Amino acid sequence: MTSELPEERLAELKSAFAAIDADGDGYVTEAELRRHFPDLPAEALAELSLAADTDQDGRYSLEEFIRAMA
């Protein structure tokens, strides 16, 4: 998946992920998304969860994030 992206875009996505991942644990949670995007509607978070959280663990890994944003 990541090999299909240009290096510049991959670097942008990794940087965005790191900015949202406030505790630096390597995952983005819904709470972190809400803090980073306070005006994001609940419906958008629900849609993101359905589309991006492929393992349904309630958080987004870097790979899941890249897949959703690419």
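Here the structure is shown first, and the text comes after it.
K.L.:
Break down the environment of Ala68 for me, citing the residues and quoting the values.
P.N.:
The topology assignment puts Ala68 in helix α4 (residues 62-69). The exposure class of Ala68 is partly exposed, given its relative accessible area of 37%. As a C-alpha pair, Ala68 and Ala22 span 46 residues in sequence and 19 Å in three-dimensional space. Residues contacting Ala68, with those up to four places away along its chain left out, are Leu48 and Ala52.

K.L.:
How would you summarise helix α3 (residues 42-52) if you had to cite specific residues and measurements?
P.N.:
Along α3, the positions that sit buried rather than exposed are Leu45, Leu48 and Ala52. Down the axis of α3, the smallest arc covering the buried residues is 60°, so these residues share one side. Exposed positions of α3 whose direction lies more than 90 degrees from the buried face are Ala42, Glu43, Glu47, Leu50 and Ala51. Of the surrounding secondary structure, the elements contacted by the buried residues of α3 are α2 (30-36), β2 (59-61) and α4.

Cut-offs used in this document
Residues numbered from 1 in each chain as written. Predicted model: local features only at pLDDT ≥ 70, side-chain atom pairs only at ≥ 80, totals over all residues. Heavy atoms only, no water. Helix = DSSP H or I, 4+ residues; strand = E, 2+ residues; numbered from the N terminus. Buried < 20%, exposed > 50% of the residue type's maximum accessible area, 1.4 Å probe, protein only. Contact = heavy atoms within 4.5 Å. Arc of directions from axis to C-beta.

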